[in-house]
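Structural characterization, general
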Amino acid sequence: MEHKYKLFYSDYIQRYDNKKYPHEIDIVNIKTLTTATSFDYVCARYKDNLRSNDNFISSNCVVFDFDNDHSNKEDDWITPDDIKNIFIDVPYLVHFSKSHMKEKGEFSPRPRFHIIFPIDECTSADEYRNLKLRVHEYLPLVDKNALDSARFMAGTNNPLVEIHNEGNTTLNKFMDYIYEDEAKFAKFDNEPKEIIQGSRNDTMHKIAVKRCWSIFWKRKHLYLWFIRRTSSYNYVIFSSGRI
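Residues numbered from 1 in each chain as written. Predicted model: local features only at pLDDT ≥ 70, side-chain atom pairs only at ≥ 80, totals over all residues. Heavy atoms only, no water.

This part takes up the environment of leucine 33. Note on placement: leucine 33 falls in helix α1 (residues 30-37). Judged by relative accessible area, leucine 33 falls into the buried class, the value being 0%. On a C-alpha basis, the gap between leucine 33 and leucine 160 in space is 9.7 Å, while along the polypeptide they are 127 residues apart. If we ignore the near neighbours within four places in the chain, the residues touching leucine 33 are Leu7, Ile27, Leu93, Val94, Val161, Glu162 and Ile163. (Helix = DSSP H or I, 4+ residues; strand = E, 2+ residues; numbered from the N terminus. Buried < 20%, exposed > 50% of the residue type's maximum accessible area, 1.4 Å probe, protein only. Contact = heavy atoms within 4.5 Å.)

Dropping the structure here:
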(Lines give C-alpha, C1' and ligand atoms only; values in the text may rest on other atoms or scores of the structure.)
Protein backbone atom coordinates (compact mmCIF):
# COMPACT_ATOMS: atom_id res chain seq x y z
CA MET A 1 0.00 0.00 0.00
CA GLU A 2 1.48 3.31 -1.11
CA HIS A 3 -0.30 5.44 1.48
CA LYS A 4 0.01 4.81 5.20
CA TYR A 5 -2.87 4.41 7.61
CA LYS A 6 -2.03 4.37 11.30
CA LEU A 7 -4.86 3.32 13.59
CA PHE A 8 -5.03 3.01 17.36
CA TYR A 9 -7.37 0.51 18.98
CA SER A 10 -8.60 -0.18 22.48
CA ASP A 11 -9.06 -3.32 24.55
CA TYR A 12 -12.82 -3.11 24.15
CA ILE A 13 -15.56 -3.38 21.59
CA GLN A 14 -18.51 -0.96 21.46
CA ARG A 15 -17.51 0.56 24.79
CA TYR A 16 -18.66 4.15 24.50
CA ASP A 17 -17.30 5.39 27.83
CA ASN A 18 -13.73 4.25 27.11
CA LYS A 19 -11.10 6.90 26.38
CA LYS A 20 -7.90 4.84 26.21
CA TYR A 21 -6.53 3.57 22.87
CA PRO A 22 -3.08 2.11 23.60
CA HIS A 23 -2.52 -0.21 20.62
CA GLU A 24 -0.89 1.28 17.52
CA ILE A 25 -1.03 -0.55 14.20
CA ASP A 26 -0.03 0.27 10.62
CA ILE A 27 -2.64 -0.92 8.15
CA VAL A 28 -0.83 -2.74 5.37
CA ASN A 29 -3.30 -5.47 4.41
CA ILE A 30 -6.67 -7.02 5.22
CA LYS A 31 -5.25 -8.84 8.24
CA THR A 32 -4.03 -5.67 9.98
CA LEU A 33 -7.24 -3.82 9.11
CA THR A 34 -9.27 -6.69 10.57
CA THR A 35 -7.18 -6.62 13.74
CA ALA A 36 -7.78 -2.91 14.29
CA THR A 37 -11.50 -2.95 13.53
CA SER A 38 -12.11 -5.92 15.83
CA PHE A 39 -11.93 -3.34 18.63
CA ASP A 40 -13.04 0.26 19.01
CA TYR A 41 -10.51 2.40 17.17
CA VAL A 42 -9.39 5.94 16.39
CA CYS A 43 -7.38 7.46 13.56
CA ALA A 44 -5.19 9.77 15.62
CA ARG A 45 -2.45 9.65 18.23
CA TYR A 46 -3.42 11.25 21.56
CA LYS A 47 -1.33 12.27 24.56
CA ASP A 48 -1.06 9.33 26.97
CA ASN A 49 -3.29 7.41 24.53
CA LEU A 50 -6.32 9.20 26.01
CA ARG A 51 -8.80 10.26 23.36
CA SER A 52 -9.86 13.92 23.53
CA ASN A 53 -9.66 16.99 21.33
CA ASP A 54 -7.15 18.61 23.69
CA ASN A 55 -4.91 15.52 23.62
CA PHE A 56 -4.68 15.35 19.83
CA ILE A 57 -1.08 14.90 18.64
CA SER A 58 -1.13 13.75 15.02
CA SER A 59 -2.86 11.68 12.36
CA ASN A 60 -2.18 10.38 8.86
CA CYS A 61 -5.74 9.28 8.09
CA VAL A 62 -9.33 10.33 8.76
CA VAL A 63 -12.55 8.37 9.13
CA PHE A 64 -16.12 9.22 8.10
CA ASP A 65 -19.40 7.54 8.97
CA PHE A 66 -22.13 6.80 6.42
CA ASP A 67 -25.56 5.74 7.73
CA ASN A 68 -27.73 6.41 4.64
CA ASP A 69 -30.43 7.96 6.79
CA HIS A 70 -31.08 10.76 4.27
CA SER A 71 -33.59 8.68 2.28
CA ASN A 72 -35.66 5.53 2.55
CA LYS A 73 -35.30 4.82 -1.16
CA GLU A 74 -32.78 2.11 -1.89
CA ASP A 75 -31.71 3.79 -5.14
CA ASP A 76 -30.63 6.83 -3.14
CA TRP A 77 -28.24 5.00 -0.85
CA ILE A 78 -24.51 5.39 -1.16
CA THR A 79 -22.21 2.36 -1.08
CA PRO A 80 -18.45 1.98 -0.56
CA ASP A 81 -17.97 1.38 -4.28
CA ASP A 82 -19.49 4.80 -4.98
CA ILE A 83 -16.78 6.58 -3.00
CA LYS A 84 -14.23 6.25 -5.81
CA ASN A 85 -16.60 8.17 -8.11
CA ILE A 86 -16.95 11.03 -5.64
CA PHE A 87 -13.39 11.31 -4.30
CA ILE A 88 -11.49 10.88 -7.52
CA ASP A 89 -8.02 9.27 -7.25
CA VAL A 90 -8.21 9.01 -3.44
CA PRO A 91 -7.64 5.49 -2.01
CA TYR A 92 -9.62 4.38 1.03
CA LEU A 93 -10.39 1.63 3.51
CA VAL A 94 -13.87 0.33 4.33
CA HIS A 95 -15.19 -1.02 7.61
CA PHE A 96 -18.85 -1.99 7.62
CA SER A 97 -20.43 -0.83 10.86
CA LYS A 98 -22.25 -2.87 13.49
CA SER A 99 -25.59 -1.70 12.07
CA HIS A 100 -24.79 -2.59 8.46
CA MET A 101 -27.91 -4.06 6.79
CA LYS A 102 -29.74 -4.12 10.13
CA GLU A 103 -32.69 -2.16 11.44
CA LYS A 104 -31.56 0.91 13.36
CA GLY A 105 -34.23 2.77 15.27
CA GLU A 106 -36.92 3.85 12.81
CA PHE A 107 -34.72 3.06 9.80
CA SER A 108 -34.81 -0.11 7.76
CA PRO A 109 -31.72 -2.23 7.00
CA ARG A 110 -29.36 -0.41 4.65
CA PRO A 111 -25.61 -0.05 3.94
CA ARG A 112 -23.84 1.50 6.90
CA PHE A 113 -20.09 1.81 6.89
CA HIS A 114 -16.97 3.77 7.78
CA ILE A 115 -14.56 5.13 5.18
CA ILE A 116 -10.94 5.82 6.13
CA PHE A 117 -8.96 8.12 3.83
CA PRO A 118 -5.21 8.78 3.90
CA ILE A 119 -4.07 12.35 4.57
CA ASP A 120 -0.73 14.10 4.78
CA GLU A 121 0.28 14.04 8.43
CA CYS A 122 -1.71 16.55 10.44
CA THR A 123 -0.56 17.82 13.85
CA SER A 124 -3.36 20.28 14.55
CA ALA A 125 -6.73 19.28 16.02
CA ASP A 126 -8.33 22.38 14.47
CA GLU A 127 -6.98 21.63 11.00
CA TYR A 128 -8.10 18.03 11.36
CA ARG A 129 -11.63 19.08 12.26
CA ASN A 130 -11.70 21.71 9.51
CA LEU A 131 -10.83 19.04 6.96
CA LYS A 132 -13.78 16.99 8.18
CA LEU A 133 -16.07 20.00 7.95
CA ARG A 134 -14.97 20.68 4.37
CA VAL A 135 -15.69 17.08 3.43
CA HIS A 136 -19.15 17.33 4.99
CA GLU A 137 -19.82 20.53 3.04
CA TYR A 138 -18.70 18.78 -0.14
CA LEU A 139 -20.69 15.62 0.61
CA PRO A 140 -23.48 16.19 3.18
CA LEU A 141 -24.24 12.44 3.23
CA VAL A 142 -21.34 12.16 5.70
CA ASP A 143 -22.61 11.85 9.27
CA LYS A 144 -22.45 15.38 10.68
CA ASN A 145 -22.27 14.05 14.25
CA ALA A 146 -18.86 12.43 13.71
CA LEU A 147 -16.72 15.40 12.71
CA ASP A 148 -14.72 16.22 15.83
CA SER A 149 -11.02 15.50 16.26
CA ALA A 150 -11.51 12.81 18.89
CA ARG A 151 -14.11 10.62 17.22
CA PHE A 152 -13.86 6.86 17.69
CA MET A 153 -15.52 4.16 15.61
CA ALA A 154 -17.04 1.09 17.19
CA GLY A 155 -15.36 -2.20 16.42
CA THR A 156 -17.28 -5.24 15.22
CA ASN A 157 -17.10 -8.96 15.73
CA ASN A 158 -15.66 -10.70 12.66
CA PRO A 159 -15.19 -7.36 10.86
CA LEU A 160 -16.19 -7.01 7.24
CA VAL A 161 -13.53 -4.80 5.66
CA GLU A 162 -12.22 -3.78 2.24
CA ILE A 163 -9.15 -2.03 0.86
CA HIS A 164 -9.49 0.20 -2.20
CA ASN A 165 -6.03 1.11 -3.45
CA GLU A 166 -7.16 2.78 -6.66
CA GLY A 167 -5.71 6.27 -6.37
CA ASN A 168 -2.61 8.25 -5.46
CA THR A 169 -4.02 11.42 -3.89
CA THR A 170 -4.44 12.13 -0.18
CA LEU A 171 -7.82 13.43 0.91
CA ASN A 172 -6.52 16.84 1.96
CA LYS A 173 -4.90 17.40 -1.45
CA PHE A 174 -8.14 16.41 -3.15
CA MET A 175 -10.09 18.89 -1.03
CA ASP A 176 -7.51 21.61 -1.70
CA TYR A 177 -8.10 21.04 -5.42
CA ILE A 178 -11.88 21.22 -4.96
CA TYR A 179 -11.71 24.47 -3.00
CA GLU A 180 -8.71 26.27 -4.53
CA ASP A 181 -10.78 28.40 -6.91
CA GLU A 182 -13.20 29.37 -4.15
CA ALA A 183 -10.26 30.63 -2.08
CA LYS A 184 -9.22 32.78 -5.04
CA PHE A 185 -12.77 34.10 -5.41
CA ALA A 186 -12.96 34.88 -1.69
CA LYS A 187 -9.74 36.88 -1.98
CA PHE A 188 -11.14 38.64 -5.04
CA ASP A 189 -14.34 39.53 -3.14
CA ASN A 190 -12.31 41.31 -0.48
CA GLU A 191 -10.12 43.27 -2.86
CA PRO A 192 -11.05 46.80 -4.05
CA LYS A 193 -12.21 46.73 -7.67
CA GLU A 194 -12.16 49.34 -10.35
CA ILE A 195 -15.11 48.83 -12.68
CA ILE A 196 -15.57 51.05 -15.71
CA GLN A 197 -18.69 53.20 -15.44
CA GLY A 198 -21.66 51.66 -17.22
CA SER A 199 -20.14 48.18 -17.32
CA ARG A 200 -20.87 47.01 -13.79
CA ASN A 201 -23.71 44.62 -14.65
CA ASP A 202 -21.76 43.01 -17.47
CA THR A 203 -18.62 42.69 -15.35
CA MET A 204 -20.43 41.18 -12.36
CA HIS A 205 -22.30 38.78 -14.67
CA LYS A 206 -19.02 37.49 -16.13
CA ILE A 207 -17.59 37.03 -12.63
CA ALA A 208 -20.70 35.11 -11.51
CA VAL A 209 -20.64 32.84 -14.57
CA LYS A 210 -16.94 32.09 -14.09
CA ARG A 211 -17.51 31.27 -10.42
CA CYS A 212 -20.50 28.99 -11.06
CA TRP A 213 -18.68 27.17 -13.85
CA SER A 214 -15.64 26.65 -11.62
CA ILE A 215 -17.77 25.20 -8.84
CA PHE A 216 -19.57 22.86 -11.23
CA TRP A 217 -16.45 21.74 -13.08
CA LYS A 218 -14.55 20.81 -9.93
CA ARG A 219 -17.58 18.86 -8.67
CA LYS A 220 -18.91 17.49 -11.94
CA HIS A 221 -18.16 13.88 -10.96
CA LEU A 222 -20.14 14.38 -7.72
CA TYR A 223 -23.13 16.10 -9.37
CA LEU A 224 -23.29 13.77 -12.34
CA TRP A 225 -23.16 10.75 -10.06
CA PHE A 226 -25.93 12.05 -7.81
CA ILE A 227 -28.15 13.23 -10.63
CA ARG A 228 -29.04 9.57 -11.14
CA ARG A 229 -30.35 9.56 -7.58
CA THR A 230 -32.85 12.40 -7.56
CA SER A 231 -33.53 12.53 -3.81
CA SER A 232 -29.86 12.35 -2.88
CA TYR A 233 -28.95 14.86 -5.57
CA ASN A 234 -31.38 17.41 -4.18
CA TYR A 235 -30.18 16.71 -0.65
CA VAL A 236 -26.53 17.22 -1.56
CA ILE A 237 -27.08 20.36 -3.64
CA PHE A 238 -29.33 22.17 -1.20
CA SER A 239 -27.51 21.01 1.95
CA SER A 240 -24.20 22.24 0.59
CA GLY A 241 -25.67 25.68 -0.08
CA ARG A 242 -24.72 25.63 -3.78
CA ILE A 243 -28.29 26.61 -4.80
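Counting buried positions over the 10 residues of strand β7 (residues 113-122) gives 8, a clear majority of the element. Bridging between strand β5 (residues 56-66) and β7 involves 7 bridges; their strand directions are antiparallel. Pairing of aspartate 65 across the sheet is with histidine 114, part of β7. Bridge count between strand β6 (residues 92-96) and β7: 4 bridges; the pairing is antiparallel. Each residue of the ladder has a partner; that of valine 94, found in β7, is isoleucine 115. (Pairing = 2+ DSSP bridges.)

Let us look at the nonpolar core. Residues Leu7, Phe87, Phe117 and Leu171 are the most contacted members of the largest nonpolar core, which totals 55 residues. Once you skip the residues sitting within four places of it in the chain, phenylalanine 87 turns out to touch Phe117, Val135, Tyr138, Leu139, Leu171, Phe174 and Met175. (Core = buried A, V, L, I, M, F, W, Y, C linked by side-chain atoms within 4.5 Å.)

Let us now look at the pattern of salt bridges. This model, assessed by the stated rule, comprises 8 salt bridges. One salt bridge in this structure joins lysine 6 and glutamate 24, with 2.9 Å as the shortest N-O distance. Taken together, the residues lysine 6 in strand β1 (residues 6-9) and glutamate 24 in strand β2 (residues 23-26) connect sequence positions 18 residues apart. Judged by relative accessible area, which is 40%, glutamate 24 ranks as partly exposed. Ionic pairing is found between arginine 15 and aspartate 17, a salt bridge with its closest N-O pair at 2.7 Å. Counted as one network, the salt bridges with shared partners bring together Lys6, Glu24, Asp26 and Arg45. (Salt bridge = Lys/Arg side-chain N within 4 Å of Asp/Glu carboxyl O.)

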